[in-house]
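# An overview of the molecular structure
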Amino acid sequence: MLDAMTAPEQVLTARFQSAFARAFGEEFAGADPIIRPSQFADFQCNAAMGLAKRLGQSPRQVAAQILEAVDLDGIAEPMEVSGPGFLNIKLTANWIESAANELAADALLGVAKEEPLTVPIDYSAPNVAKEMHVGHLRTTVVGDALARTLEHLGHNVIRQNHIGDWGTPFGMLIEHLLEFGTDSEAADLLRTNPNEFYQAARAKFDASEDFADRARARVVLLQGGDAETLELWGRIRDLSKDYFRRIYALLNVTLTDDDLAGESTYNEALPKVCSDLEAAGLARESDGALCTFPEGFKGRDDKPLPLIVRKSGGGYGYATTDLAAVRYRVSELHANRIIYVIGAPQEIHLAMVFATARDAGWLPAEVEPVHVKIGNVLGEDGKILRTRSGAPLRLMSLLQEAVAHARRVVDELRPDLSEEERDAVAQDVGIGAVKYADLSTSHDAEYVFDLERMLALQGNTAPYLQYAVARIRSILRKADAAGIAAPADAQIRLSNDAERALALQLLQFGPTVAQVGQLLEPHRLCAYLFQTAQAFTAFYEASPIMKEADESVRASRLALARLTERVLVQGLALLGVNAPQQM
Ligand code: ARG
């Protein structure tokens, strides 16, 4: 990671490490000083216990030597050894002030650019001719936040929307389309209500032997590369693309057509995946199917678990495609890290794909595949979210409902705004609320889809943060109108504890973003933003701005308010949540 001189942990870490080298020898220069935020001070150094073991001394002795060797002049108040060997660190007001001023002058707000890695991210991945369900909502929203965050940290992110655009259902879908024609109202359903199209085709398939036969023959034509069939398949895919595009636009998600890398992309690579696995002695026939049996995967009966790469009829499946995709991502995209934002139930499937790819030498040890496991979204009954009739929910209508609900909140909050303005705000709030509710829960936990809670103006919600931003903007506007806006070079000077706490909180933005990039956990950024908004509220209660008579104090407070606004807006942007100008 490149330097972020405004991040207290990093500055302190560097100072402690050079102290270790001085006190204990060069070989200790890399030891982790374990600097953590602390309730007793700003931070605590917890290194003495670990070092004591290596040095064969007592932790308190070690802590005393660290204390002797470390130079925190100008950074922290003098320290004392406490408890079994902790060092409590209280930063000086001066250091916090100058770091906060540096932060204010930094376009990146303390986010340090990292050594760029190439990172394909597999996310969203809905299926052609099917409605996206709330599970897809989650992988879309979490994946997009990770893509934005990693890009912001300087990485070369390659979005890979692994849509389901191939397989046997296309036989019946094509035959169904043929009965109505590609320009029919029925075909248009693919853009607007894909499930209805799918279900109609399915119903025919179940009811008519004749239709089912044609559908099966069509699959053979499709797999054989018949031109007319491929053209019809392409039509279905294009209409679905239109549906995805509309959902992504509504969701404010960065995926475009250029990011589509669906299952069909890998068709030509599939035979070679199988023959290479066979040649390497990694795949063998089992019940007529070609399978790998990667080490360490056992079924209930304790027998080795197969990963089917070619079905007994000769067709290829989901696993084969994923193997081809790993190969492509490593050899063509030159991935350093491959991120899969996919449902938690697919854990074993992915682990077996990774293991097989490793065995085959397609996934070298230095490339790290990560499964970001996505938990289920539940209804209020605690079961997987469905409509009352038991059908899967239409994502489009769910989002429209969220926006309509937000509109009622905005109507109450801001009757003074015009219809158009209220519509725009409701859009940001409704969509933001749904996305944020998703992002603020750890990605592998389940959560209950509850619009009421998502749209609450109190608590860790998008509307709470959006409202905080709007409030700061209104303060800045008022100050501006009164001609007391802070000059661009206004100096931040801390005049009370709330200001100190807010400044320290703002300095944690860079490290928090870096942590999200490391751990791939957007909920940490949500928690951070929530705390930041709360620190602002405490600050604003303790430090009036307009009523403050001292010009430099007022300018400092305005500068802190402006910095808070920038951090909140940037943080929300990394999550893919818009902050409306007013609310
Ligand atoms: N299309 C699949 C589904 O809807 C998800 C695909 C996830 N990505 C992957 N590389 N397997 O469940």
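Scroll up a little and you will see the structure.
What comes next concerns the included structure. Bear in mind the structure is a predicted one, so any value in this text is a computation, not a measurement.

Looking only at helices and strands, one finds 21 helices and 13 strands in the protein chain. If you line up the protein chain on its principal axes, its C-alpha atoms span 85 × 70 × 40 Å. Buried residues in the protein chain amount to 52% of all 583 residues. Here the analysis covers contacts within the protein chain between residues at least 6 apart in sequence; of these, 73% occur between residues at least 24 apart. Here the protein chain displays about 25,900 Å² of accessible surface, and carbon together with sulfur accounts for 50% of that area. Once the 57 positive and 80 negative side-chain charges of the protein chain are each reduced to a mean point, those two points are 2 Å apart.

In this structure, the largest pocket encloses a volume near 1,300 Å³. Asn127, Gly164, Trp166, Glu263 and Tyr318 are, among the 49 residues lining the largest pocket, the residues nearest its centre. Secondary-structure elements contributing two or more residues to the lining of the largest pocket are helix H5 (134-152), helix H6 (169-180), helix H9 (209-223), helix H12 (318-331) and strand S10 (337-343). Per-element accounting of the lining of the largest pocket gives the leading share, four residues, to H5. Looking at side-chain class alone, the lining of the largest pocket contains 23 nonpolar, 20 polar and six charged residues. There is about 970 Å³ of room inside the second largest pocket. Elements that contribute at least two residues to the lining of the second largest pocket include exactly helix H1 (8-24), strand S1 (35-37), helix H18 (497-507), helix H19 (509-519) and helix H20 (522-542). Along the lines of polarity and charge, the residues of the lining of the second largest pocket split into 14 nonpolar, ten polar and six charged.

Neighbouring residues of the ligand: Asp122, Ala125, Asn127, His136, His162, Tyr318, Asp322, Ile342 and Gln346. Within the backbone of Ala125, an N or O atom sits 3.0 Å from a nitrogen atom of the ligand. Note that a nitrogen atom of the ligand is positioned 2.8 Å from one of the side-chain N or O atoms of Asp322. Taken by itself the ligand offers 350 Å² of open surface, and the protein chains cover 86% of this.

Another aspect to go through is empty space enclosed by the protein. Rolled over the atoms, a probe sized like a water molecule indicates the empty space that remains. Considering all chains together, one arrives at one cavity of 30 Å³ or more under this definition. Space inside the largest cavity adds up to approximately 40 Å³. Lining the largest cavity are Asn161, Lys241, Phe244, Arg245, Tyr248, Thr256, Asp257 and Leu260. Classifying every residue of the lining of the largest cavity by side-chain character gives three nonpolar, two polar and three charged.

Here we come to the sheet that holds S1. Here four strands make up an open sheet; going across it, the order is S1-S2-S4-S3 and the pairing antiparallel. Because the sheet does not close on itself, it has two edges, and the strands there are S1 and strand S3 (81-82). Relative to strand S4 (residues 86-89), strand S2 (residues 43-45) runs antiparallel, the two being bridged by three bridges. Residue Gln44 lies in a different strand from S4, and its bridge partner there is Asn88. Each of S1, S2 and S4 touches H1; the most contacted strand, S1, lies at about 150° to it.

Attention now goes to the nonpolar core. Counting 156 residues, the largest nonpolar core has Phe16 and Ile89 as the members making the most contacts within it. Among the elements that line this core, the one with the most residues is helix H21 (residues 551-575), at eleven residues. Counting 29 residues, the second largest nonpolar core, distinct from the first, contains Ala283, Leu290, Leu323 and Val353.

As a further point, take the pairing of strand S6 (residues 156-160). If a strand is regular, its side chains alternate between the two faces of the sheet. When strand S5 (residues 118-122) meets S6, the two strands line up parallel, connected through five bridges. Opposite Thr118, over in S6, you have Asn156 as the bridge partner.

Below, the discussion takes up the sheet that holds S6. Taken together, four strands build an open sheet; the order of strands is S6-S5-S10-S11 and the sheet is parallel. Only two strands of the sheet have a single neighbouring strand rather than two, namely S6 and strand S11 (368-374). Pairs of neighbouring strands in the sheet enclose a mean axial angle of 20°, with direction left out of account. Pairing of S10 with S11 involves seven bridges; the strand directions are parallel. Its bridge partner lying in S11, Ile338 is registered against Pro369. Packed onto the sheet, H12 meets S5, S6 and S10 and runs at close to 150° relative to S10. The strands touched by helix H13 (residues 347-359) within the sheet are S10 and S11, with S11 carrying the most contacts at an inclination of about 175°.

Scoring rules and cut-offs
- Starting from 1, residues in each chain are numbered consecutively following that chain's sequence as written.
- Residues qualify for local features only when their pLDDT is at least 70, as the model is predicted, and side-chain atom pairs are given and counted only at 80 or more; totals for whole chains, interfaces and linings, by contrast, use all residues.
- Remark: hydrogens and water are excluded; side-chain values derive from all non-hydrogen atoms of the structure.
- Put simply, DSSP H or I for four residues or longer makes a helix, DSSP E for two residues or longer makes a strand, and each gets a number counted from the N terminus.
- Accessible area is worked out with a 1.4 Å probe on protein chains only. A residue is then buried under 20% of its type maximum, exposed over 50%, and partly exposed in between.
- Throughout, a contact is declared for two residues whenever any of their heavy atoms are within 4.5 Å.
- Method for areas: the Shrake-Rupley scheme with a 1.4 Å probe, in which residue coverage is limited to the protein chains shown.
- In summary, the charge assignment counts Lys and Arg as positive and Asp and Glu as negative, without counting His or the chain termini.
- Charge placement uses NZ in Lys and CZ in Arg. For Asp and Glu, CG and CD serve respectively.
- Site definitions follow a grid-based scheme: protein atoms alone, a 1 Å grid, a 1.4 Å probe that fits but cannot get out for cavities, and for pockets an open set with protein on both sides within 12 Å along at least five of seven lines, plus lining residues having an atom within 4 Å of a point.
- Grid points are joined across faces, edges and corners, and a volume is the space filled by probe spheres set on the points.
- Classification used: nonpolar for Ala, Val, Leu, Ile, Met, Phe, Trp, Tyr, Cys and Pro, charged for Asp, Glu, Lys and Arg, polar for all others including Gly.
- In these notes, residues near a molecule or strand are those with any non-hydrogen atom within 4 Å of it.
- Here a polar contact is taken to be a pair of N or O atoms separated by no more than 3.5 Å, where protein atoms must pair a possible hydrogen donor with a possible acceptor and residues adjacent in sequence count only if both atoms sit in side chains.
- One requirement defines pairing of two strands: DSSP has to find at least two bridges between them.
- Here, axes are lines fitted to C-alpha atoms. For helices the fit covers the stretch in contact, and angles between N-to-C directions go from 0 to 180 degrees.
- Among buried residues, the Ala, Val, Leu, Ile, Met, Phe, Trp, Tyr and Cys ones that are joined through side-chain atoms within 4.5 Å form a nonpolar core.

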